[in-house]
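# Report on the structure
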Amino acid sequence: MVSLLYKLTSLRPKNPLHLLKPFTTTTITSSIPPSQNAVNSAAAASTLTNLILISSDRQSLTQSLLCPSIDWTPLLVNTILKRLWNHGPKALQFFHLLLYNHPTYVHAASSFDHAIDIAGRLRNCTTVFTLLHRMRSLRLHPSPKTFAIIAERYVAAGKPDKALKVFLSMHQHGCFQDLNSFNTILDVLCKARRVEKAWNFFKVLRGRFKADVVSYNIIANGWCLIKRTNKALETLTEMVKKGLTPTLTTYNIMLKGYFRAGQIEEGWKFFLEMKKRKCEIDVVTYTTVVHGLGVAGEIKRAQKVFNEMVKEGVLPSVVTYNAFIQVLCKKDSVENAILVFEEMLRKGYVPNSATYNVVIRGLCHKEQMESAMEYMDRMRDDECGPNVQTFNIVIRYFCDAGEIEKGLKLFEKMSTGDCLPNLDTYNILISAMFVRKKSDDLVVAGKLLIEMVDRGFMPRKLTFNRVLDGLLLTGNQGFAKEILRLQSKCGRRPRQFKL
């Protein structure tokens, strides 16, 4: 490890370039205050989203959406699509109604990307490629981002070979492959832990695309994700032999890899060696060490590093505070975590939804549900949620505590359109319905199953069978038949039942 670090640092320029991150489909939220137009658009998006959700008549909805007083813009359309993300069929209905019925408005390429992403999540390949061809017919040329979205959806569906075919066929759609798109497909595969496939693909095409330090970093990070730090070291050694100069991100990848793999002392030695060799150390480095030590239960060492970074002139970020608060909740006490949270506020930091979620999870774990609900209210005041993860945390803990009605009440609040339930929400509640073994609870489980399918989520076969068993055992044969038909319609081969 140290010998490799010596090789890496000996090649390090005085002012190393930071790794340019490959394209990601994750939306990055700007810290710039929203303009009045953005505020107005958000209000309009909320109203229109609710209209789309409650409307059951397609013709009436079309007339409402074509109202001349609505000023359709890409920002408004994209905001609505994001709000409808967890109701894929409604999102695509809205997109298509505007696409084929509005006399003047034409969707932007970014809106097509959102729609393609939603169709991909629903595993509706026909719609994905219909939208792709529609883009071209409107002379909205698909971008590398478009193909990255499609590839990512194929990988998520367990079809990495089709993802590679999408990348190799980009030029047929007027979008030519380059080093950036090559790095993107590698990143998609590695983040889905398809690292062997990414490595083999990399070896075949690295010469054609002239693989750079970003390419090697992506592969090394992939090995670290599956806790194969030795393979990551081999990859970086090969990078050095190719004459490529490592970046600070290269070191941070290895550092995080050691801690993720539970190699705490190796990670600590690597960190000390970085300092000894005068490597540039940034907030990411310190955050990695604080989190890695904390997860291992080394709270005092984590605290020491946290305090040290300020003395070294590296200010902690919100992510650093999030990491420290999280490990305090898990390995120390939620009271100490809240002290750090309040200190963060006093120093002028603005907590984000992730900050609140780790605090709320910590409070729930200690069965302090009232305090957790108070922090949910604070999230609203700070305009950062609560988001679907927040609701899922609290609903899960209510259900685990036997307060299922409170969990269902929170679930009902999610139906307004501001924060729709996702697959995890439904799975949490359906599982909770089996705790009390009541007939009424199992009927609720069946209704939740139907609703999740209507919203584009595919239950596992195990979930279908569990609900069916529960309904049959509690004498709900008629409803069980309905669930059987739904299971067959979803392509989940039903078991043989005597009803």
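All of these numbers come straight from a predicted model, not from anything done at the bench.

Bringing the overall build of the chain into the picture now. Helices and strands together make up the secondary structure of the chain, namely 27 helices and zero strands. Principal-axis analysis of the C-alpha atoms places the extent of the chain at approximately 70 × 55 × 55 Å. Restricting to contacts in the chain with at least 6 residues of sequence separation, those with at least 24 account for 64%. Accessible surface for the chain amounts to roughly 25,100 Å². Of this, 52% is attributable to carbon and sulfur atoms. In the chain, 69 side chains carry a positive charge and 43 a negative one; their mean positions are 8 Å apart.

Before going further, it helps to examine the state of the cysteines. Under the definition given, this model contains zero disulfides. Sulfur of cysteine 224: no disulfide; nearest cysteine sulfur belongs to cysteine 190 and is 10 Å away. Residue cysteine 224 is classed as buried on the basis of its relative accessible area of 0%. Cysteine 419 takes part in no disulfide bond, and the closest cysteine sulfur, belonging to cysteine 384, lies 12 Å away.

Glancing now at the packing of aromatic side chains. Centre distance and the angle of the planes are the two values used to describe a pair of aromatic rings. Scanning all chains against the criterion turns up 21 aromatic pairs. Plain terms: the ring middles of phenylalanine 182 and phenylalanine 202 are 6.4 Å apart, the flat faces sit at 10 degrees to each other, and that makes the pair stacked. Here phenylalanine 202 lies in helix H11 (residues 195-209) and phenylalanine 182 lies in helix H10 (residues 179-191), a separation of 20 residues in the sequence. Note on phenylalanine 306 and tyrosine 321: the rings are 5.3 Å apart at their centroids and 75 degrees apart in plane angle, and the pair reads as edge-to-face. Within this pair, whereas phenylalanine 306 is found in helix H17 (residues 299-311), its partner tyrosine 321 is found in helix H18 (residues 318-331), the two being separated by 15 residues in sequence.

The subject of this paragraph is the pattern of salt bridges. Inspection of every chain in the model, using the stated rule, returns 17 salt bridges. With a closest N to O distance of 3.1 Å, aspartate 187 and lysine 191 form a salt bridge. Of this pair, aspartate 187 and lysine 191 both sit in helix H10, four residues apart, roughly one helical turn. A residue is classified by how much of its surface remains accessible, and aspartate 187, at 7% relative accessible area, is buried. The residue glutamate 238 makes a salt bridge to arginine 206 at a minimum N-O spacing of 2.3 Å. Of this pair, glutamate 238 sits in helix H13 (residues 229-241) while arginine 206 sits in helix H11, and the two are 32 residues apart along the sequence. What makes glutamate 238 partly exposed here is its relative accessible area of 22%.

This paragraph deals with the confidence of the model for the chain. Counting all residues, the mean pLDDT for the chain is 89, and 90% of those residues have values of 70 or more. Helix H12 (residues 213-225) holds the highest mean pLDDT among the elements of the chain, 98, whereas helix H1 (residues 2-10) holds the lowest, 53. When the criterion is pLDDT under 50, residues 10-36 qualifies, and its contacts beyond four places in sequence or with other chains add up to 33 contacts.

This paragraph deals with the packing of helix H25 (residues 439-454) against helix H27 (residues 477-489). For the pair H25 and H27, the least separation of the axes is 11 Å and the interaxial angle reads 25 degrees. By the angle between their axes, H25 is roughly parallel relative to H27. Here the hand of the crossing between H25 and H27 comes out left-handed. Here H25 contributes Val443, Gly446, Lys447, Leu449, Ile450 and Val453 to the contact with H27, which in turn contributes Phe479, Glu482, Ile483 and Leu486.

This part covers the environment of lysine 191. Overall, lysine 191 belongs to the partly exposed group, its relative accessible area being 47%. C-alpha separation for the pair lysine 191 and alanine 151, spaced 40 residues apart in sequence, amounts to 12 Å.

Among the secondary structure elements, cysteine 419 is positioned in the loop between helix H23 (404-413) and helix H24 (423-432). Assessed through its relative accessible area of 12%, cysteine 419 is described here as buried. Considered as a pair, cysteine 419 and proline 316 are 103 residues apart in the sequence and their alpha carbons are 30 Å apart. Among all residues touching cysteine 419, those that are not within four sequence positions of it are Pro386, Asn387, Val388, Phe391 and Met414.

A few words on the side chain of threonine 320. Tracing the backbone through its elements, the reader meets threonine 320 in helix H18. Threonine 320 sits in the buried class, given a relative accessible area of 0%. Leaving out residues up to four positions away in the same chain, threonine 320 has contacts with Val283, Thr287, Phe306 and Met309.

A rise of 1.5 Å per residue sets the reference length of helix H21 (residues 369-381), with its 13 residues, at 18 Å; its end C-alpha atoms lie 19 Å apart and thus fit the reference within 8%. Of all the residues in H21, the buried ones are Met369, Ala372, Tyr375, Met376 and Met379. Mapping the buried residues of H21 onto a view down its axis gives an arc of 110 degrees, with all of them on the same face. Among the exposed residues of H21, those oriented more than 90 degrees off its buried face are Glu370 and Asp381. Here the buried face of H21 lies against helix H19 (334-346), helix H20 (353-365), helix H22 (388-400) and H23.

What follows concerns helix H6 (residues 109-121). Along its 13 residues, H6 runs 18 Å from first to last C-alpha, staying within 8% of the 18 Å computed at 1.5 Å per residue. Burial analysis of H6 places 10 of its 13 residues in the buried class, which makes it a mostly covered element. All of the buried residues along H6 are Ser111, Phe112, Asp113, Ala115, Ile116, Asp117, Ile118, Ala119, Gly120 and Arg121. Residues of H6 that are buried sit in contact with helix H4 (74-83), helix H5 (88-101), helix H7 (125-137) and helix H8 (144-156).

A separate point is the nonpolar core. Soluble, globular proteins show a tendency: their nonpolar side chains are buried together. By size, the foremost hydrophobic cluster in this structure holds 158 residues, and its most contacted members are Trp72, Phe94 and Ile360. With near-sequence residues (within four places) excluded, phenylalanine 94 lies in contact with Ile52, Leu65, Trp72, Val77, Ile80, Leu81 and Leu84.

Definitions and cut-offs
- Here, residues in each chain are numbered from 1, in the same order as that chain's written sequence.
- Residue-level local features of this predicted model are given only where pLDDT is at least 70; pairs of side-chain atoms are given and counted only at 80 or more, and the full residue set underlies all totals for whole chains, interfaces and linings.
- Computation of side-chain values covers all heavy atoms of the structure but excludes hydrogens and water.
- Numbering of helices and strands runs from the N terminus; a helix is a DSSP stretch of H or I covering at least four residues, while a strand is a stretch of E covering at least two.
- Contacts were defined at the residue level, with two residues in contact if any of their heavy atoms lie within 4.5 Å.
- Values of accessible area rely on a 1.4 Å probe in the Shrake-Rupley scheme; residue burial ignores everything except the protein chains shown.
- The sign given to each residue is positive for Lys and Arg and negative for Asp and Glu; His and the chain ends receive no count.
- Where a charge sits is defined by one atom per residue type, namely NZ (Lys), CZ (Arg), CG (Asp) or CD (Glu).
- Disulfides are defined in this document as cysteine sulfur pairs within 2.5 Å.
- Relative accessibility under 20% of the residue-type maximum defines a buried residue, over 50% an exposed one, and the middle range a partly exposed one, all with a 1.4 Å probe and only protein chains included.
- A pair of aromatic rings is counted whenever rings of Phe, Tyr or Trp (Trp by its six-membered ring) have centres within 6.5 Å, and the orientation is called stacked for planes under 30 degrees apart, edge-to-face for over 60 and tilted otherwise.
- A pair is scored as a salt bridge if a Lys or Arg side-chain nitrogen falls within 4 Å of a carboxyl oxygen belonging to Asp or Glu.
- One number per residue, pLDDT, summarises how confident the predictor is, and it ranges from 0 to 100.
- Lines fitted to C-alpha atoms define the axes, with helix axes restricted to the stretch in contact, and inter-axis angles between N-to-C directions lie between 0 and 180 degrees.
- Geometric relationships in this document are graded by angle, where less than 35 degrees denotes roughly parallel, more than 145 denotes roughly antiparallel, 65 to 115 denotes roughly perpendicular, and other angles denote oblique.
- A crossing counts as left-handed when the near helix is turned anticlockwise from the far one by less than a right angle, and as right-handed when that turn is clockwise.
- Expected helix span is given by 1.5 Å per residue-to-residue step, counting one fewer step than there are residues.
- Picture the helix axis, draw a direction to every C-beta atom, and the arc is the one those directions span.
- As used here, the term nonpolar core means buried Ala, Val, Leu, Ile, Met, Phe, Trp, Tyr and Cys residues forming a set that is joined through side-chain atoms within 4.5 Å.

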